[in-house]
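Residue-level listing of the chains:
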Amino acid sequence: MSGVSPDGIGRLLREIREAHPKKTRAEQAELVAAASGEWCDWETIKRWETEKRIPQKPSYQGIADAYGLTVDQVAEAAAASRRYRSERSTKGYSVDRRKFIGAGIGAAAGIVVLPDIAQAREGIAAALRPSGEGDLAYLESAFERHRGGYRGRAPEAVLAEMMGDLDLLGEVLNRPHPARTRADLARTAAGIAGLVAIVQHDRGDQRDAYRWFATAEQAARESGDQRMIAWVLARHAMVPLNYGAPGAAARIAERARREAGSSPTAAGALAAAVTARAQAASGDLDGARRALDDARNLAERLDGAEAADTWFGYPEQKHHVHLSQAYTLLGDTGSAYQAQEDALALTDSPSVMVRALLAVDTAACLHVDGDPTGAAEMASGVWERLPATYREGLIRSRTETLHRQLTGRPYVLLGEALAS
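Just so it is clear, the model here is predicted, and its values are computed rather than measured.

A. Seen up close, the overall build of the chain. Per the secondary structure count, the chain includes 20 helices and 0 strands. The proportion of buried residues among the 420 residues of the chain is 47%. Taking the contacts inside the chain whose residues are at least 6 apart along the sequence as the reference set, 66% of them involve residues at least 24 apart. Carbon and sulfur atoms form 52% of the exposed surface of the chain, whose accessible area is close to 20500 Å².

In structure tokens, the structure reads:
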């Protein structure tokens, strides 16, 4: 394969995959996903095999398990690919320089060199040379890694892990790139900025979440990727939705739905679900039910990456989480309880935030059903068991909303828990 290291990761992975019995890239991607617990598709395998992207350290264990290798073998092959890429880049530059110098010597006897012209050409050549190809590949893999969600980690831990990548992203964005590379980079920037915005939303830093979503939308529009634009807007709508401004949420969600169009996409399904929740919170019950029907129809048609359990996908579990809140706001407690059960059945045990939010929805349903004491006791119990890192932001906002709806002893009980 042209451009692939003879002893690197691409050749190694391809030869193992093609050994008897031969596997397709899609089949191999399933093995990697099962081994690592991270999203992987056939395009990821293709990029690794062609060394358009070299796997990063967090992927080594999953690759090793799926391919019957050791982590050291994967790391050694990846390092060989990086050396090969670096050597080819350096060699190409050196040859170009020698040719230029040789031509200059041959013509020196009859031509006067103009220094300013030479400097101008060197500046143009420097801008045209590939710059930081490894950094671009790394940022793409970082985007893929971070979009997997919390996976049992606290929001602050996720942000801390992303800081180095954010610094690199800012640096790479300030370099010159060909138009197509710039568009791909802008899409990656939109995705990473959107992920930071999600974490800030969950932490309760609304102002910073709005800023990061604005940056994400700007980058998405520069990339020209409508799905990315729709995803950013749908996620953005959840900030006003979860912090007391359902009207603003509905307007942003409607923009997301226009960008998503009628094709079944994760962004379109999410935008419809957010619209339903926003309209239910605003009292537009008929509009909310219509939006729920749209969300359900779209969700049933999703597959592959669109239905993946990541911050960019809309899996069945996430759908039921949105249904729980929508039905709770609609006062349809029977449907809400069922959605909560369905969501919990699909929720991995480390999902602290999801489990807590579903429990608060259950408490709110108890209140609607005429059991305010049970609602307060359940919400208080959830709050008291929460780790300190989860006691601000989204869960507090949802719990405080329930607290404002209570009166008498239940109000006091939940208020004491929130104050603890």
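B. Structural detail: the layout of surface pockets. Size it by volume and the second largest pocket reaches roughly 710 Å³. For the second largest pocket, the lining is made up of 34 residues, of which Y150, W311, Q317, K318 and V354 are closest to its centre. Elements with a minimum of two residues in the lining of the second largest pocket: α9 (179-203), α11 (226-242), α13 (266-282), α15 (316-330), α17 (352-368) and α19 (394-405). Grouping the amino acids of the lining of the second largest pocket by side-chain chemistry returns 14 nonpolar, 11 polar and 9 charged.

C. Representation of the packing of α15 against α17 within the structure. In the contact formed by α15 and α17, the axes pass within 9 Å of each other and the chain directions differ by 25°. In this view, α15 runs roughly parallel relative to α17, as classed from their interaxial angle. The two elements α15 and α17 meet at a crossing, and its hand is left-handed. In this structure, α15 contributes Q317, V321, S324, Q325 and T328 to the contact, and α17 contributes V354, L358, D361, A364 and C365. Split into classes, the residues belonging to the contact of α15 with α17 amount to 5 nonpolar, 4 polar and 1 charged.

D. Representation of the packing of aromatic side chains in the model. Enumeration over the complete set of coordinates arrives at 3 aromatic pairs. A centroid spacing of 5.1 Å and a plane angle of 80° characterise the contact between F143 and F312, whose relative ring orientation is edge-to-face. Of this pair, F143 sits in helix α7 (residues 133-146) while F312 sits in the loop between α14 (285-300) and α15; the two residues are 169 residues apart in sequence, bridging distant segments of the chain. There is no split in this pair, since F143 and F312 are both buried. For the pair Y150 and W311, a centre-to-centre distance of 4.9 Å together with 90° between the ring planes defines the contact as edge-to-face. With Y150 in the loop between α7 and α8 (155-173) and W311 in the loop between α14 and α15, the pair connects residues that are 161 residues apart, well separated along the chain.

E. Summary view of the packing of helix α10 (residues 206-223) against α11. The N-to-C vectors of α10 and α11 enclose an angle of 165°; their axes lie 9 Å apart at closest approach. When the axis of α10 is compared with that of α11, the two are roughly antiparallel. Both α10 and α11 take part in a crossing whose hand is left-handed. Contacts from Q206, A209, Y210, F213, A216, E217, A220 and R221 of α10 reach α11 at M228, I229, V232, L233, R235, H236, V239 and P240. For the contact of α10 with α11, the per-class residue count stands at 11 nonpolar, 2 polar and 3 charged.

F. Layout of α9. Between the first and last C-alpha of α9 there are 36 Å, a value that for 25 residues agrees with the 36 Å anticipated at 1.5 Å per step. A positive backbone phi angle near 95° is found at G204, which sits one or two residues after α9.

G. View of the environment of V196. For V196, the position within the fold is in helix α9. We classify V196 as buried; its relative accessible area is 3%. Spatially, the C-alpha atom of V196 lies 9.3 Å from that of D208, the residues being 12 residues apart in sequence. Dropping the residues within four chain positions of it, V196 is found in contact with L159, M162, L166 and W212.

Basis of the calculations
- Residues numbered from 1 in each chain as written.
- Predicted model: local features only at pLDDT ≥ 70, side-chain atom pairs only at ≥ 80, totals over all residues.
- Heavy atoms only, no water.
- Helix = DSSP H or I, 4+ residues; strand = E, 2+ residues; numbered from the N terminus.
- Buried < 20%, exposed > 50% of the residue type's maximum accessible area, 1.4 Å probe, protein only.
- Contact = heavy atoms within 4.5 Å.
- Areas by Shrake-Rupley, 256 points an atom, 1.4 Å probe, with all protein chains shown as cover.
- 1 Å grid on protein atoms, 1.4 Å probe; cavity = no way out; pocket = protein on both sides within 12 Å on 5 of 7 lines; lining within 4 Å.
- Points joined across faces, edges and corners; volume = space filled by probe spheres on them.
- Nonpolar A, V, L, I, M, F, W, Y, C, P; charged D, E, K, R; others polar.
- Axes fitted to C-alpha atoms, helices over the stretch in contact; angles between N-to-C directions.
- Parallel < 35°, antiparallel > 145°, perpendicular 65-115°, else oblique.
- Left-handed = near helix turned anticlockwise from the far one by under 90°.
- Phe/Tyr/Trp six-rings, centres within 6.5 Å; stacked < 30°, edge-to-face > 60°.
- Expected span 1.5 Å × (residues − 1).

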